[in-house]
Amino acid sequence: MPPSPSSAGAGAASPSPSASASASDPTPSWWESVSQARSRIQTLSSILPPPASQDVAALADSDRPARALLRSPAAYAALSGALRAGGGADDPACHWLYDTLLSADPDLRLAALAFLPLLAALYLRRLPPELPSSLSGFEAVLLAVYSSEAKNRQGKPVLVQVPDLSVPSLYHTPASSPSSKSPRRPQPPPIPPPQATPVVGVLSPPLEPQAAVKSTKRAGIIGVAFEAYYSKISQMPAASKVDACNAAAAWAGQYCKCRFELDDKELEVEEGDSLGSVSPMSSEAENGKELEQELARMRVNGDSSGRNCGEEYDKEARVPLPWELLQPVMRVLGHCLLAPLNPVEVRDAAADAVRVVYARACHDLVPQAILAARSLIELDKSARKDAKAAAAAGSGTIVAAGTAGSTASSSRPSSKPNTPSKQRKPDTLLVSK
């Protein structure tokens, strides 16, 4: 006879509170995460060629190996080289990324997610594949990111609420209608403001489960993967952000002179201001020259002739850019362009990419992309102007302080350094009584 529930409950030990808590919380403990990270790092070092394998294996000895892996330029460069040479079903680099994305450690998932822009760029560049399985490794990684994001959203869309400017808020008060100033006329009671109807926009629709990367769903899957990347972009290394900007520029592929349109207008306005001023070397002209040098340094303004729109340039990496893919890419470019803690190479790569996207949007007549890219370009120019003005003001303050110090030192009486100065005693007058 099977045991009764009461006898079974009496004979079995009740689970401890710590065991039940660990079963409900999927996040591993500190020691479990360290052990898992060291195991993943050892696996990665075994698939990399020397001397990169020794450099990656040394990261396992750190206190936080997953964070060390995320911030290691040598590990990023080594695995990037492996991905450029792989991508198939038997690619060990893709297998490592897939298994790491499924781990419970959030730092390990960040280390794998950092390679998403490079992987997506390589994947779209090689389409259509020579063999059906030549890109299945890339597709498995993209589907792993997509499935994780679909699980986190739980079938709900990503919404944004647009504020109604007719309703007062913490930051503004709407303009009231002008009332009569006659004291004899009685004032009517104030009319209460109408109920605000929230305007809700859909950033991303509900995600459907996908078992394969089909041609009709490819842009949506990669767009969702970039949304997951954007949610963690503040923790990504600089090399990953540069790869994201380069991927966006390659996908747009519009390297014609149209991408310099807004910069050319800015330079023409500054040149006209400098010619109309009294002094040709005024501060506005100097700022214009510095801006031109800055644009030339980061390769935004390119050569003087540029490329004509009618020329047939290299369009190998150019891909269709529907809004479901372009929208998260523009958000990534916005962070890379305007985040204050980004290094110079990230901001320069983003400035180059957003201008190429602007030219592509102008040629394809995509109003959303034109508005977003133009806004980012204007913000970039404004930020660079402010940085130049702040640097010029700081240098002027330093020069003025140095001049004042030298003037004060020259006005002091000169004395020999080895002769101590003695204080003169006051004169004493003797008066006889």
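Just so it is clear, the structure is predicted and the values come from calculations on it, not from any experiment. (Residues numbered from 1 in each chain as written. Predicted model: local features only at pLDDT ≥ 70, side-chain atom pairs only at ≥ 80, totals over all residues. Heavy atoms only, no water.)

**Quick notes on the overall build of the protein chain**
Here is step 1 of the chain: Along the protein chain, the regular secondary structure elements total 17 helices and two strands.
Here is step 2 of the chain: The proportion of buried residues among the 433 residues of the protein chain is 36%.
Here is step 3 of the chain: Taking as baseline every contact in the protein chain between residues at least 6 positions apart, the subset at least 24 positions apart corresponds to 75%.
Here is step 4 of the chain: In the form shown here, the protein chain has an accessible surface area of approximately 26600 Å², with 58% of it arising from carbon and sulfur atoms. (Helix = DSSP H or I, 4+ residues; strand = E, 2+ residues; numbered from the N terminus. Buried < 20%, exposed > 50% of the residue type's maximum accessible area, 1.4 Å probe, protein only. Contact = heavy atoms within 4.5 Å. Areas by Shrake-Rupley, 256 points an atom, 1.4 Å probe, with all protein chains shown as cover.)

**Focus on the pattern of salt bridges**
Here is step 1 of the chain: The full count for this structure, using the stated rule, is nine salt bridges.
Here is step 2 of the chain: Between aspartate 380 and arginine 355 there is a salt bridge; the shortest N-O distance is 3.2 Å. Note that aspartate 380 is positioned in helix 17 (residues 367-411) and arginine 355 in helix 16 (residues 344-364), a separation of 25 residues in sequence. By the burial criterion, aspartate 380 is buried, and arginine 355 matches it.
Here is step 3 of the chain: The residue arginine 384 makes a salt bridge to aspartate 380 at a minimum N-O spacing of 2.9 Å. Placement of the pair is arginine 384 and aspartate 380 together in helix 17, with a separation of four residues, close to one helical turn. Accessibility classification places arginine 384 together with aspartate 380 in one group, the buried group. (Salt bridge = Lys/Arg side-chain N within 4 Å of Asp/Glu carboxyl O.)

**So, empty space enclosed by the protein**
Here is step 1 of the chain: The tally for this structure, following the rule as stated, stands at one cavity of 30 Å³ or more.
Here is step 2 of the chain: One number sums up the size of the largest cavity: a volume of about 70 Å³.
Here is step 3 of the chain: Looking at the largest cavity, the residues that line it are Leu44, Leu69, Leu70, Ser72, Ala75, Tyr76, Leu79, Trp96, Ala111, Ala114 and Phe115.
Here is step 4 of the chain: If you list the elements that add at least two residues to the lining of the largest cavity, you get helix 5 (65-70) and helix 6 (73-84).
Here is step 5 of the chain: By residue number, the principal contributor to the lining of the largest cavity is helix 6, which donates three residues. (1 Å grid on protein atoms, 1.4 Å probe; cavity = no way out; pocket = protein on both sides within 12 Å on 5 of 7 lines; lining within 4 Å. Points joined across faces, edges and corners; volume = space filled by probe spheres on them.)

**Section: the confidence of the model for the protein chain**
Here is step 1 of the chain: Taken residue by residue, the protein chain gives an average pLDDT of 78. The fraction at 70 or more is 67%.
Here is step 2 of the chain: Here residues 273-281 scores under 50 on pLDDT; set against residues more than four positions off or in separate chains, the count is seven contacts.
Here is step 3 of the chain: The low-confidence segment residues 298-308 (pLDDT under 50) makes 26 contacts with residues lying over four places distant or belonging to another chain. (pLDDT = per-residue confidence, 0-100.)

**Here we look at a nonpolar patch on the surface**
Here is step 1 of the chain: Nonpolar side chains collect at one region of the surface, where Leu159, Val200 and Val202 lie side by side and expose about 280 Å² of accessible area between them.
Here is step 2 of the chain: Tracing the sequence through the fold places valine 200 in strand 2 (residues 199-204).
Here is step 3 of the chain: For valine 200, a relative accessible area of 48% corresponds to the partly exposed category. (Patch = residues over 30% accessible without salt bridge, like charges linked within 9 Å, V, L, I, M, F, W, Y side chains within 5 Å.)

**Topic: the packing of helix 12 (residues 238-252) against helix 16**
Here is step 1 of the chain: Contact pair helix 12 / helix 16: the axes reach a minimum separation of 8 Å and the direction vectors enclose 15°. Our classification of the angle between helix 12 and helix 16 gives roughly parallel. Here helix 12 and helix 16 pass one another in a crossing that is left-handed. For the pair helix 12 and helix 16, the contacting residues are Ala238, Lys241, Val242, Cys245, Asn246, Ala248, Ala249, Trp251 and Ala252 in the first and Glu345, Val346, Ala349, Ala350, Ala353, Val356, Val357 and Arg360 in the second.
Here is step 2 of the chain: Along the lines of polarity and charge, the residues of the contact of helix 12 with helix 16 split into 13 nonpolar, one polar and three charged. (Axes fitted to C-alpha atoms, helices over the stretch in contact; angles between N-to-C directions. Parallel < 35°, antiparallel > 145°, perpendicular 65-115°, else oblique. Left-handed = near helix turned anticlockwise from the far one by under 90°. Nonpolar A, V, L, I, M, F, W, Y, C, P; charged D, E, K, R; others polar.)

**Some details on the layout of surface pockets**
Here is step 1 of the chain: In this model, the largest pocket occupies a volume close to 730 Å³.
Here is step 2 of the chain: Taken together, 25 residues form the lining of the largest pocket, with Leu101, Arg109, Ser148, Glu149 and Asn152 sitting closest to its centre.
Here is step 3 of the chain: Broken down by secondary-structure element, the contributors of at least two residues to the lining of the largest pocket are helix 7 (92-101), helix 8 (106-113), helix 10 (136-153) and helix 11 (218-231).
Here is step 4 of the chain: The element best represented in the lining of the largest pocket is helix 10, accounting for nine residues.
Here is step 5 of the chain: In terms of residue class, the lining of the largest pocket is built from 13 nonpolar, six polar and six charged.

**Details of helix 15 (residues 323-338)**
Here is step 1 of the chain: Its 16 residues place the ends of helix 15 22 Å apart at the C-alpha level, agreeing with the 22 Å of an ideal helix rising 1.5 Å per residue.
Here is step 2 of the chain: By the criterion of burial, helix 15 is predominantly enclosed, with 12 of the 16 residues buried.
Here is step 3 of the chain: Of all the residues in helix 15, the buried ones are Leu325, Leu326, Gln327, Pro328, Val329, Met330, Val332, Leu333, Gly334, His335, Cys336 and Leu337. (Expected span 1.5 Å × (residues − 1).)

**A few points about the packing of aromatic side chains**
Here is step 1 of the chain: On inspection of all chains with the given rule, the structure shows four aromatic pairs.
Here is step 2 of the chain: Ring centres 6.1 Å apart and planes at 40° place the aromatic pair tryptophan 30 and tryptophan 31 in the tilted group.
Here is step 3 of the chain: On the accessibility criterion, tryptophan 31 (52% relative accessible area) is exposed.
Here is step 4 of the chain: With a centroid separation of 4.7 Å and an interplanar angle of 15°, the aromatic rings of tyrosine 76 and phenylalanine 115 are classed as stacked. With tyrosine 76 in helix 6 and phenylalanine 115 in the loop between helix 8 and helix 9 (116-125), this pair connects stretches of sequence that are 39 residues apart. Side by side, tyrosine 76 and phenylalanine 115 carry an identical accessibility label, which is buried.
Here is step 5 of the chain: Here the aromatic residues Phe226, Tyr229 and Trp251 are joined through ring pairs into a cluster of three or more. (Phe/Tyr/Trp six-rings, centres within 6.5 Å; stacked < 30°, edge-to-face > 60°.)

**Quick look at the environment of aspartate 364**
Here is step 1 of the chain: Tracing the sequence through the fold places aspartate 364 in helix 16.
Here is step 2 of the chain: Within polar-contact distance, the side chain of aspartate 364 engages the side chain of arginine 360 at 2.5 Å. (Polar contact = N/O pair within 3.5 Å; in protein donor to acceptor, adjacent residues only side chain to side chain.)

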